[in-house]
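# Close look at the chain arrangement
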Amino acid sequence: MFYYLSLFKDDISFLNIFSYLTFRTGAAIVTAFLLSLLLGPALVRKLRSYKIQQIEREYGPASHLSKNGTPTMGGLLILVTLLVSVLLWARLDSAYIGLMLFTTVSLAFAGILDDYTKLVKKNPEGMSSRVKLAIQLFTAVVVVGYLALNPPNGQYATSLIIPYVSKAFVDLSVFYFAFSMLVIVGSSNATNLTDGLDGLASGCMVFAAATYGVFAYVAGNVNFAEYLKIIYVPGAGEITVFMGALIGACLGFLWFNAYPASVFMGDTSSLFLGGVLGTAALIVKQELLLPIAGGIFVLETLSVMLQMGYFKLTHGKRLFKMAPIHHHFELSGVPEPKVIVRFWVMGAMLMLLALASLKIR
């Protein structure tokens with residue numbers, strides 16, 4: 001919204017500042033963060049009054065039983081502050097912003113429906129996994145369908161850029177579209193699995209979002225893209241503003257979600273956080289960097305897959321004490337706060353590793 005004030009810069013030169021991506025990104029971070037601090041206490045009180053509270057299931061770590069009664073569905077705070085900040089600071093005529101907003105709202109609907117089923121309808125299993133997957137697939141089909149008709153860069157519409165290698169591409173042809181859907185659905189579920197400790201998912205998301213904010217900025221600038229030998233994507237710079245709003249929203253939520261958490265995220269935002277990250281990766285044509293920038297989410301998902309596979313192959317034996325792997329470390333005697341901070345440190349290192357690909361190629 002504020003971007004359009006720059007259209008009057010000829011009359012009031014100061015208004016030109018609203019045209020700068022860097023200014024609007026910084027403003028989006030601050031706006032989402034401050035809104036979180038303003039709205040957070042009231043939301044926590046409201047969730048508590050409605051008795052929308054965490055209920056640990058019997059197969060969770062025993063130490064988590066003390067968290068029963070903590071309000072959940074706090075992801076509403078991330079959702080609201082993100083949307084408000086994006087609407088205020090991003091260009092609303094950007095197709096990519098529209099696509100990111102669609103992904104956010106669509107997957108947030110799935111998360112809210114799942115949390116509502118668990119917490120209000122008192123069904124601990126949540127909504128049907130088929131319904132959840134159907135919404136995720138619908139979201140992926142719309143996003144991938146739009147990008148197929150309007151590719152970010154027509155020359156590389158079905159190609160993947162190989163990180164850390166100069167001018168190396170792999171053309172997947174028609175298989176690229178199935179791969180793209182897997183990116184969105186997989187990212188959504190991976191973030192959902194990571195949301196198991198106080199501040200773990202929101203903290204790690206800050207680093208992953210920052211990574212793709214940088215890539216969106218340079219991919220949207222023809223000079224930077226050419227110099228850094230990455231795919232130029234006209235208009236991708238606006239994704240930087242969205243990622244800034246996401247960072248601010250996650251940091252604001254972390255204020256209340258840090259150990260010991262006053263409120264939990266729930267599926268309300270954990271599903272869409274991964275989905276928008278995957279969508280951003282597709283838009284800026286840096287799909288293969290996602291397992292690096294979002295390496296914590298990948299690690300958590302792989303630990304669940306390995307646990308399930310090993311359990312079936314060995315007829316009941318476990319590879320980890322509990323999956324996802326953050327629970328394994330807890331049950332191995334590592335205090336929860338230490339597990340969280342160490343995962344944040346790993347997330348920061350993975351961010352730097354991903355950003356290093358801008359020069360190592």
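Residues numbered from 1 in each chain as written. Predicted model: local features only at pLDDT ≥ 70, side-chain atom pairs only at ≥ 80, totals over all residues. Heavy atoms only, no water.

## What about the packing of aromatic side chains?
Scanning all chains against the criterion turns up 15 aromatic pairs. With 5.7 Å between their ring centres and 80 degrees between their planes, Phe18 and Phe23 make a pair best called edge-to-face. Here Phe18 falls in the buried class, since its relative accessible area comes to 10%. Between Tyr217 and Phe224, the ring centres sit 6.0 Å apart and the planes meet at 40 degrees, which makes this aromatic pair tilted. The exposure class assigned to Phe224 is partly exposed, which follows from its relative accessible area of 37%. (Phe/Tyr/Trp six-rings, centres within 6.5 Å; stacked < 30°, edge-to-face > 60°. Buried < 20%, exposed > 50% of the residue type's maximum accessible area, 1.4 Å probe, protein only.)

## Considerations on the state of the cysteines
Here the structure, examined in full by the defined rule, presents zero disulfides. In this structure Cys204 is not part of a disulfide, and its nearest cysteine sulfur, from Cys250, lies 10 Å away. Overall, Cys250 belongs to the buried group, its relative accessible area being 0%. (Disulfide = S-S within 2.5 Å.)

## Quick word on the environment of Lys285
Mapped onto the elements, Lys285 comes out in the loop between helix H9 (267-283) and helix H10 (290-293). Judged by its relative accessible area of 2%, Lys285 is buried. Taking the C-alpha atoms as reference points, Lys285 and Thr240, 45 residues apart in sequence, are found 14 Å from one another. (Helix = DSSP H or I, 4+ residues; strand = E, 2+ residues; numbered from the N terminus.)

## Remarks on the side chain of Ser357
Within the secondary structure, Ser357 sits in the segment after helix H13 (336-356). On the basis of relative accessible area, Ser357 is assigned to the buried category, the value being 0%. Once residues within four sequence positions are removed from consideration, Ser357 is found in contact with Pro163, Tyr164, Phe215 and Leu289. (Contact = heavy atoms within 4.5 Å.)

## Section: the nonpolar core
Grouped together as the largest cluster of nonpolar side chains are 91 residues, with contacts concentrated most on Leu246 and Phe272. When residues in this core are grouped by element, the largest group, 12 residues, is from helix H6 (residues 200-219). (Core = buried A, V, L, I, M, F, W, Y, C linked by side-chain atoms within 4.5 Å.)

## Re unusual backbone geometry
A cis amide bond links Tyr259 with the next residue in sequence, Pro260, at an omega value of -10 degrees. Turning to its location among the elements, Pro260 is positioned in the loop between helix H8 (238-257) and H9. Cis rather than trans, the peptide bond between Ala323 and Pro324 has omega equal to 0 degrees. Summarising the element assignment, Pro324 is placed in the loop between helix H11 (295-313) and helix H12 (325-331). Backbone geometry at Lys167 places phi at a positive 50 degrees, although glycine is not the residue there. When you line up the elements, Lys167 lands in the loop between strand E1 (159-161) and strand E2 (169-171). A relative accessible area of 63% means that Lys167 is categorised as exposed.

## Quick word on helix H1 (residues 21-49)
A rise of 1.5 Å per residue sets the reference length of H1, with its 29 residues, at 42 Å; its end C-alpha atoms lie 41 Å apart and thus fit the reference within 8%. Along its length, H1 reaches its greatest deviation from straightness, about 40 degrees, at Leu39, and the proline Pro41 lies no more than four positions downstream. Along H1, the residues classified as buried are Arg24, Thr25, Ala27, Ala28, Thr31, Ala32, Leu35, Ser36, Gly40, Leu43, Val44 and Leu47. Once H1 finishes, Lys51 follows within two positions and takes phi at roughly 60 degrees, a positive value. (Expected span 1.5 Å × (residues − 1). Bend = angle between axes of the 7 residues up to and from the residue.)

## Considering the pattern of salt bridges
Inspection of the entire model under this criterion finds five salt bridges. Put simply, Lys132 and Asp114 hold a salt bridge, and the shortest N to O gap is 3.3 Å. Separated by 18 residues along the polypeptide, Lys132 in helix H4 (residues 129-149) and Asp114 in helix H3 (residues 95-119) bring together distant segments of the chain. There is no split in this pair, since Lys132 and Asp114 are both buried. Among the ionic pairs, Asp267 bridges to Lys132, the shortest N-O distance being 3.8 Å. Note that Asp267 is positioned in helix H9 and Lys132 in helix H4, a separation of 135 residues in sequence. Lys132 matches Asp267 in its accessibility class, with the two residues each being buried. One continuous salt-bridge network, built from bridges that share partners, spans Asp114, Lys132 and Asp267. (Salt bridge = Lys/Arg side-chain N within 4 Å of Asp/Glu carboxyl O.)

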